[in-house]
Amino acid sequence: MNRDAQMIIDHELETLKQLPPLAGLPESLLAQVLQDSRLVFYPRGAHVAHPDLGGDLTTLFIVKQGRIALHMPDTLENAHQGAPEAELGPGSLFGSEWALGQRPPAYIYLAADDCFCWQLGRKAQEALQQSPQLWRWLMEESWRGLEQLRERQTRDREARYLAEQVLCQPLGSLLQRAPLSVAPEQSCAAVQALMAEEKTGSVVVVEQGRPVGIITETDLVRRSLALGGAQDLTAAGIMSPRPVTLNATHTLAEAALEMTSRGIRHVPVVDDEGLLLGVVSERDIFMRQRAGFGTLAAPIEQAESVAALAPIVATIRESGRGMYLQGMGAVQLTNLISSLNDRVAERILALVEAAHELPGSYCWLAFGSEGRMEQTFSTDQDNGLIFVPSGTEQVEAERQQYLAFADQVNQALDQVGFPLCKGNIMARNPEWCLTLEEWQQRFSRWVRSPTPEALLNASIFFDFRPLHGDASLAEALRDHLFGLSQENAIFLHMMAKNALTAIPPLGKFSRFNTEKAKQNTVDLKTMGVRLFVDIARIYALKHGVRATNTIQRLRLGGQKLKRNPKLIEADIAAFEFIQAIRMGGQLLAKTGDDPNRIDPYSLNELDQRVLQESFRQAQLLQERLRLDYRA
């Protein structure tokens, strides 16, 4: 082998040794990998892998140069035009999702730039099998990818479902103003002037409050022209008589069907006695559909300013209230509200980021209920930031740049409807704008010295989720946390004792133990939802469950505990019911009231009984925790 060829091989070896999945492996093993790999070039836009194109499902790739974009399965044209779900840069190893499972890829892999990738042959993969460390990494990466895909598909499925549910709302929910009506003897000129002044496309002709006809802009033009524009024309002369009417309790879907089948665009809405309540137009239904969860994402992503996002956030909450009143489950609703809130936050981050020259890689973190994807109608901000400094000497200077950026983001979130955190748990606070090493040190201190303050911080900060930026930073922090908690039995014991201080509000001689000082109410957040959230977090830390959502933790953690599947489902059902009652209370809460407090005796008999049983289920779960940790 000549000297130049050896230099090239040595250079490639040095490159391989720097890649995260291969770092620390013996040089002889990497030499074997390199010997059975070939360098493949993909021009920008080329397909590296596609679910529908088949191909070799045994090959692993390592990106040497350029970027590979991952798109959700769709048409080839949309894959080229749409924004990617993720991007893989130099050093990324991919292909495990199909190489390990021998199944088509879940994503479309496109070359975002001109790319060079190492394509690993069978012998190279066999050589790598000598390293359990690498294959464990591959399995974790494959699992993370599948989890992300599953979460995305779940969000999309629920969004479509909610978009359909918009049409199940009653027509009465669309009536925002008093109906515009005229008497039959009203002159045509007066009707025309009224419609122009009110900027409306129709008026209803009424007698004794009941619709007898309807006049649209088309009626005004066609019929008045057909009759020669006579000056003595009246509303009765140009109206469409006996209009189709619907009751306020009919749904938007029924109104849409009537309009389509009869070729009309306006339907008067009446009460049970036939009195006019208002008019619903084809445009009203279309706009309400657009305001549904299934289509709110598009205007979020298209928003060009922070101000443009404020009405969208208001619509999300209003639509959420409508969906809840129509019977949408609390868990599905909190997931969707959180998902849309995520998109709003991501859009704000992108808008603010465009105005800043940030020095390097960072990740925006969501904490608390946002981190668990359990945001309700009443929510503020809980966030932080991890950044990677250029060097030790630049940490403080670069921190100031990130703090200025974070302050603008926090202010923008407040502007669109997410209030600033009263406890100052926000990325603009230097306490929560840290390097990865600083976050790891902070977590280590809390776990190794579980003071009351540390346990409180754990209940907030350990439910973190990457929202924007380099998600690998958050996953590295999670790996560090798992290592700490699984090695420290005392910390988990103290967390268990802390979780057991919250006692389900069950009465000894009555159904519920209410607080007289709080107008005989129960706090469903601290004495209800928290019971499940705290326990689910402990078992997630104990068993390395990466999910942050409470229901996922209850299910996955329960399986790790070998808890009876029926008990796991009962835990989840109890949590869901308490969350549903809590959200209902938030809708009814008056200004100044604690939105998480309800009078349980104000519920109907059935709801009282189910709530009581839900608290008893929490007691059973606490008993399991008490036995496991002897707390």
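Peer 1: I'd love a proper account of the overall build of the protein chain, names of residues and values included.
Peer 2: When helices and strands are tallied, the protein chain shows 24 helices and 21 strands. Put simply, of all contacts in the protein chain between residues at least 6 apart along the chain, 73% involve residues at least 24 apart.

Peer 1: Break down the packing of helix H21 (residues 525-543) against helix H22 (residues 550-561) for me, citing the residues and quoting the values.
Peer 2: Here H21 crosses H22 at 50 degrees, and the two axes come no closer than 8 Å. Classified by the interaxial angle, the pair formed by H21 and H22 is oblique. The handedness of the crossing between H21 and H22 is left-handed. Judged by residue contacts, Phe532, Val533, Ala536, Arg537, Tyr539, Ala540 and His543 of H21 engage Thr550, Arg553, Leu554, Lys560 and Leu561 from H22. In terms of residue class, the contact of H21 with H22 is made up of 7 nonpolar, 2 polar and 3 charged.

Peer 1: Residue-level account of the sheet that holds strand S3 (residues 60-65), with values.
Peer 2: Here 4 strands make up an open sheet; going across it, the order is S1-S8-S3-S6 and the pairing antiparallel. Only two strands of the sheet have a single partner each, and these edge strands are strand S1 (37-42) and strand S6 (93-94).

Peer 1: Go over unusual backbone geometry, please, and point to the residues and values.
Peer 2: For Arg242, which is not a glycine, the phi torsion comes out positive at approximately 45 degrees. For Arg242, the location among the structural elements is in the loop between strand S12 (240-241) and strand S13 (246-247). A positive phi angle is found at Asn520, which is not glycine, with a value near 55 degrees. With respect to the helices and strands, Asn520 occurs in the loop between helix H20 (489-499) and strand S20 (522-523).

Peer 1: I'd like to hear about the state of the cysteines, residue by residue, with values.
Peer 2: Scanning all chains against the criterion turns up 0 disulfides. Residue Cys117 stays outside any disulfide, its sulfur separated by 5.6 Å from that of Cys115, the closest cysteine.

Peer 1: Give me the layout of surface pockets: which residues, what numbers.
Peer 2: Computed from the structure, the second largest pocket encloses a volume of approximately 1,300 Å³. Every residue lining the second largest pocket is counted, 42 residues in all, and those nearest its centre are Asp380, Asp382, Lys525, Arg582 and Asn596. Elements supplying a minimum of two residues to the lining of the second largest pocket: helix H15 (368-371), helix H18 (452-461), H21 and helix H23 (565-588). If one sorts the elements of the lining of the second largest pocket by residue count, H21 sits on top with 7 residues.

Peer 1: Can you explain the pairing of strand S4 (residues 68-71)? Please cite residues and give values.
Peer 2: Going residue by residue along S4, you find Ile68 and Leu70 tucked away on one face and Ala69 and His71 tucked away on the opposite face as well. Here S4 runs beside strand S5 (residues 86-88); their pairing, made up of 3 bridges, is antiparallel. Looking across to S5, one finds that Leu70 is bridged to Ala86. Pairing geometry for S4 and strand S7 (residues 108-111), over 4 bridges, is antiparallel.

Peer 1: Any details on helix H7 (residues 188-198)? Residues and values, ideally.
Peer 2: Each full turn of the α-helix corresponds to 3.6 residues, which orients residues three or four apart in the same direction. Regarding H7, the residues found buried are Cys188, Val191 and Met195. Burial along H7 is one-sided: seen end-on, the buried residues are contained in an arc of 60 degrees. Facing away from the buried side of H7 by more than 90 degrees, the exposed set consists of Ala189, Ala196 and Glu197. Looking one or two places after H7, you find Lys199, whose phi comes out positive at around 55 degrees.

Peer 1: So, empty space enclosed by the protein: which residues are in play, and what are the values?
Peer 2: Within this structure, the stated rule accounts for 5 cavities of 30 Å³ or more. By volume, the largest cavity is sized at about 100 Å³. Mapped by element, the contributors of at least two residues to the lining of the largest cavity are helix H14 (330-353) and helix H16 (395-416). When residues of the lining of the largest cavity are assigned to their parent elements, the largest contribution, 3 residues, is made by H14.

Peer 1: Could you give an account of the packing of aromatic side chains, naming the residues involved and the relevant values?
Peer 2: For the coordinates displayed, the defined rule picks out 25 aromatic pairs. Summarising the aromatic geometry, the rings of Phe94 and Tyr109 are spaced 5.3 Å apart at their centres and angled 15 degrees between planes, so their arrangement reads as stacked. Of this pair, Phe94 sits in strand S6 while Tyr109 sits in strand S7, and the two are 15 residues apart along the sequence. We note that Phe94, like Tyr109, is buried. By the ring-pair criterion, three or more aromatic residues cluster together here, those being Phe367, Trp432, Trp439, Phe443, Trp446, Phe461, Phe462, Phe464 and Phe491. The side chain of Arg478 reaches across the aromatic face of Phe464, ending 4.2 Å from its centre.

Peer 1: How would you explain helix H17 (residues 436-448) if you had to name every residue and give the values?
Peer 2: Taking 1.5 Å per residue, 13 residues should reach 18 Å; H17 reaches 18 Å between its end C-alpha atoms and fits that length. Buried residues of H17: Leu436, Trp439, Arg442, Phe443, Ser444, Trp446 and Val447, and no others. Against strand S17 (383-387), strand S18 (433-435), H18, helix H19 (471-486) and H20 lie the buried residues of H17.

Peer 1: So what's going on with the sheet that holds strand S10 (residues 202-207)? Residues and values would help.
Peer 2: Taken in spatial order, the 4 strands of this open sheet run S9-S10-S11-S12, and their pairing is mixed. Each end of this open sheet is capped by a strand with a single partner; those strands are strand S9 (181-182) and S12. Alignment of S10 against strand S11 (residues 210-216), held across 6 bridges, turns out to be antiparallel. From the neighbouring strand, Ser202 faces S11, where its bridge partner is Thr216.

Peer 1: So what's going on with the packing of H17 against H18? Which residues, and what values?
Peer 2: Helix packing geometry: the angle between the two helix axes and the distance between the axes. Between H17 and H18, whose axes approach to 9 Å, the crossing angle comes to 130 degrees. As the angle between them shows, H17 and H18 are arranged oblique. Taking contact as the criterion, the partners of Trp439, Phe443 and Trp446 in H17 are, on H18, Ala454, Asn457 and Phe461. Looking at side-chain class alone, the contact of H17 with H18 contains 5 nonpolar, 1 polar and no charged residues.

Rules of the game
- Residues numbered from 1 in each chain as written.
- Predicted model: local features only at pLDDT ≥ 70, side-chain atom pairs only at ≥ 80, totals over all residues.
- Heavy atoms only, no water.
- Helix = DSSP H or I, 4+ residues; strand = E, 2+ residues; numbered from the N terminus.
- Contact = heavy atoms within 4.5 Å.
- Axes fitted to C-alpha atoms, helices over the stretch in contact; angles between N-to-C directions.
- Parallel < 35°, antiparallel > 145°, perpendicular 65-115°, else oblique.
- Left-handed = near helix turned anticlockwise from the far one by under 90°.
- Nonpolar A, V, L, I, M, F, W, Y, C, P; charged D, E, K, R; others polar.
- Pairing = 2+ DSSP bridges.
- Disulfide = S-S within 2.5 Å.
- 1 Å grid on protein atoms, 1.4 Å probe; cavity = no way out; pocket = protein on both sides within 12 Å on 5 of 7 lines; lining within 4 Å.
- Points joined across faces, edges and corners; volume = space filled by probe spheres on them.
- Buried < 20%, exposed > 50% of the residue type's maximum accessible area, 1.4 Å probe, protein only.
- Arc of directions from axis to C-beta.
- Phe/Tyr/Trp six-rings, centres within 6.5 Å; stacked < 30°, edge-to-face > 60°.
- Lys NZ or Arg CZ within 6 Å of the ring centre and 35° of its normal.
- Expected span 1.5 Å × (residues − 1).

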